[in-house]
Amino acid sequence: MSELHLSDEVLMAFADGELDEPVAAAVARAMADDPRVARRIVDFQQSRRLTRTAYSGELMPEVPPALLAAVSAQIEAYEAKEHRTVITNLAEERKRRLRAEPRLLRMALAASIAVVACGIGYWAGRQGNDRTDDLVARLDDSAIHRELSRVASGEEVELPFGRLRVISSYRLENGSLCREFRLAHAKEIADAVACLRDGWNVTFALAGAATDAGYVPSGAGDPMAAYLQAVGAGEPLVGDAEANALREVAR
Amino acid sequence: MPTAIGQELVALLPRLRRFALVLCRSPSLADDLVQGACERALANPDSWTPGTRFDAWMFRILRNHWIDHLRRTKAEGMAEDITTHTQLIGDPGEGPILSRLVLSEVQRAIDSLPLDQREVLVLVCGEDLTYREAADILHVPIGTVMSRLARARRRLVELTAAA
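Residues numbered from 1 in each chain as written. Chains lettered and ligands numbered in written order. Predicted model: local features only at pLDDT ≥ 70, side-chain atom pairs only at ≥ 80, totals over all residues. Heavy atoms only, no water.

Chain B appears in an unreviewed UniProt entry as RNA polymerase subunit sigma-70 from Microvirga ossetica. Chain B has a UniProt comment under Sequence similarities (unreviewed entry) that states "Belongs to the sigma-70 factor family. ECF subfamily." (UniProt positions renumbered as here; feature names shortened; annotations may be inferred.)

A. Representation of the interface of chain A and chain B. With 40 residues of chain A at the contact, the number on the chain B side is 50 residues. Across the chain A/chain B interface, buried area totals approximately 4,200 Å², and carbon plus sulfur atoms make up 64% of it. Between the two partners, chain A and chain B, sit 4 salt bridges. A salt bridge links R48(A) to D128(B), with the nearest nitrogen and oxygen atoms 2.7 Å apart. The residue makeup of the side of chain A that touches chain B, split by class, is 19 nonpolar, 9 polar and 12 charged. (Contact = heavy atoms within 4.5 Å. Buried area = accessible area lost by both parts, 1.4 Å probe. Salt bridge = Lys/Arg side-chain N within 4 Å of Asp/Glu carboxyl O. Nonpolar A, V, L, I, M, F, W, Y, C, P; charged D, E, K, R; others polar.)

B. Inspection of the confidence of the model for chain B at higher detail. Mean pLDDT over chain B: 81, with 79% of residues reaching 70 or higher. Note on residues 75–97 of chain B: pLDDT is under 50 here. Beyond four places in sequence and across chains, it has 35 contacts. (pLDDT = per-residue confidence, 0-100.)

C. Region of the structure containing the nonpolar core. Ranked by internal contacts, the top residues of the largest apolar core, which has 70 residues, are L9(B), L16(B) and M58(B). The dominant element in this core, judged by the number of residues it contributes, is helix 1 (residues 6–24) of chain B, at 10 residues. Residues from two domains meet in this core; each of domain 1 (1–84) and domain 2 (94–162) of chain B gives at least three. Once residues within four sequence positions are removed from consideration, L16(B) is found in contact with L9(B), V34(B), C38(B), M58(B), F59(B) and L62(B). Formed by 25 residues, the second largest nonpolar core is a distinct cluster that contains V136(A), I144(A), L148(A) and F161(A). (Core = buried A, V, L, I, M, F, W, Y, C linked by side-chain atoms within 4.5 Å. Buried < 20%, exposed > 50% of the residue type's maximum accessible area, 1.4 Å probe, protein only. Helix = DSSP H or I, 4+ residues; strand = E, 2+ residues; numbered from the N terminus. Domains from an automatic or database assignment.)

D. Expanded view of the packing of aromatic side chains. Residues and elements named next belong to chain B. Enumeration according to the criterion identifies 3 aromatic pairs over all chains in this entry. Aromatic side chains F19 and F59 sit 5.2 Å apart centroid to centroid with 70° between the ring planes, which places their arrangement in the edge-to-face category. Remark: F59 occurs in helix 3 (residues 54–73) and F19 occurs in helix 1; sequence separation between them is 40 residues. Accessibility classification places F19 together with F59 in one group, the buried group. Aromatic pair W48 and F54: ring centres 5.4 Å apart, planes at 90°, arrangement edge-to-face. (Phe/Tyr/Trp six-rings, centres within 6.5 Å; stacked < 30°, edge-to-face > 60°.)

E. Here's a closer look at the confidence of the model for chain A. Residues and elements named next belong to chain A. Considering every residue of chain A, the mean pLDDT works out to 74; 71% of them sit at 70 or more. Per-element mean pLDDT across chain A ranges from 41 in helix 5 (residues 103–117) up to 94 in helix 1 (residues 8–15). The model gives residues 83–94 a pLDDT under 50, and that stretch makes 12 contacts with residues more than four places away or in other chains. Every residue in residues 101–128 is under pLDDT 50, and counting partners more than four places away or in other chains gives 48 contacts.

F. Focus on the pairing of strand 2 (residues 156–159) of chain A. All names here are of chain A. Here strand 2 shows one buried face, formed by V157 and L159, and one open face, formed by E156 and E158. Here 4 bridges tie strand 2 to strand 3 (residues 162–171), and the two strands are oriented antiparallel to one another. Note that in strand 3 the partner of E156 across the bridge is R165. The loop that links strand 2 with its antiparallel partner strand 3 comprises 2 residues. (Pairing = 2+ DSSP bridges.)

G. Local environment of helix 9 (residues 240–250) of chain A. Residue and element names in this part refer to chain A. The complete set of buried residues in helix 9 reads E242, A245, L246 and V249. Projected onto a plane normal to the axis of helix 9, the buried residues spread over an arc of 95° and lie on a single side. Facing away from the buried surface of helix 9 by more than 90 degrees, the exposed residues are D240 and A250. The inward-facing, buried residues of helix 9 abut helix 7 (142–148), strand 3, strand 4 (177–185) and strand 5 (188–196). (Arc of directions from axis to C-beta.)

H. Region of interest: the state of the cysteines. Residues and elements named next belong to chain A. Counted by the stated rule, this structure contains 1 disulfide over all chains. Across the disulfide, C178 is cross-linked to C195 (sulfur-sulfur distance 2.0 Å). Negative torsions about the S-S bond denote left-handed disulfides, and the value of about 105° found for C178 with C195 makes this one right-handed. Taken together, the positions of C178 in strand 4 and C195 in strand 5 put the pair 17 residues apart, joining distant regions of the chain. C178 sits in the buried class, given a relative accessible area of 2%. (Disulfide = S-S within 2.5 Å.)

I. Geometry of unusual backbone geometry. At the junction of E21(A) and P22(A), the peptide bond is cis and its omega measures out at 5° in the coordinates. Tracing the chain through its elements places P22(A) in the loop between helix 1 and helix 2 (23–33). Phi angles above zero are rare outside glycine, and D198(A) is one such case at about 55°. Looking at where D198(A) falls in the secondary structure, it is placed in the loop between strand 5 and strand 6 (200–209). You can call D198(A) exposed: its relative accessible area is 83%. One non-glycine residue, H139(B), lies in positive phi territory at about 55°.

Given below as structure tokens:
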């Protein structure tokens, strides 16, 4: 460090705490040895202080009411649009899910909703397909439980056994938190709801191949929607409401 | 779902407007820039990486918007009535470190700097951003940030030495 060139940039970075050791230590030694170096550093500290004071919060010019009103209106417009988008996306999710379900399965589900509503975990969509069975078995994997406690709705996480997408969160009337999610691997998908009671428990699942074949326009209602309605899921938690619920889980 | 950024935007408005004034020196244009930057941010909330500084992200959007504005108008700099920015000083209230007079002098000194020095000075010393964060906002290498910043601060000390 004996060749350290004490340029303005180096001394300024020292004054700003932006220098890495051991350069900072070398500058500190030079400062102790030479009052001129110290003076230059003090000047940089002073210029920072002056600027900060001139731009301190106390002296902040007021935001004109017209600007505040304009930006607030923009925010409102975007948040309203965002809300609509989310609903559209959920509808799309459900449409895709319906395409993946054989009609027979949906009918069987419609009949079973009452059972589900009693809080008994229900598996649907067992097709005698090994891959789908694997996927359904994975729904209760601890890696998924971990992500359910952490990931916001709309986010996707790549897990070793498939791609997890958390779709939405709900608070049941009894206060317990439930989350709807999808696990996809290759052409297989499983949609499920897990609720938190002594850890995450999958209470409902639909599984099948993700193909467009066998799509029947929904008339009898979407099994997932019917399930969520049956358990009293209500409106999905969005934004802060969901973030707060997840923070509680993390505690 | 993208993170709701509305509340953070509203909280940041005074600082966004202040930075816009540093860039363009015209209160009416500053308001337009802030509004345009907010519009861009709201349209692309996913371009903000949670865990990084929200203010730095917004400053970058605002400055990009300003650059686009300059390109559109092919203006070299906006020269609206320069006295309008004396309102930046405002009322120092109780217990400011410097007197109002000195502050006016500092403000004038900052305003007299070339734009490239003024913006980096305000981002690093006024907004407490790191050199790296300022470099990202200004789209210049960190070495350029340091040389502009050092020049700006040397000049500021010279201009206010008598204060």
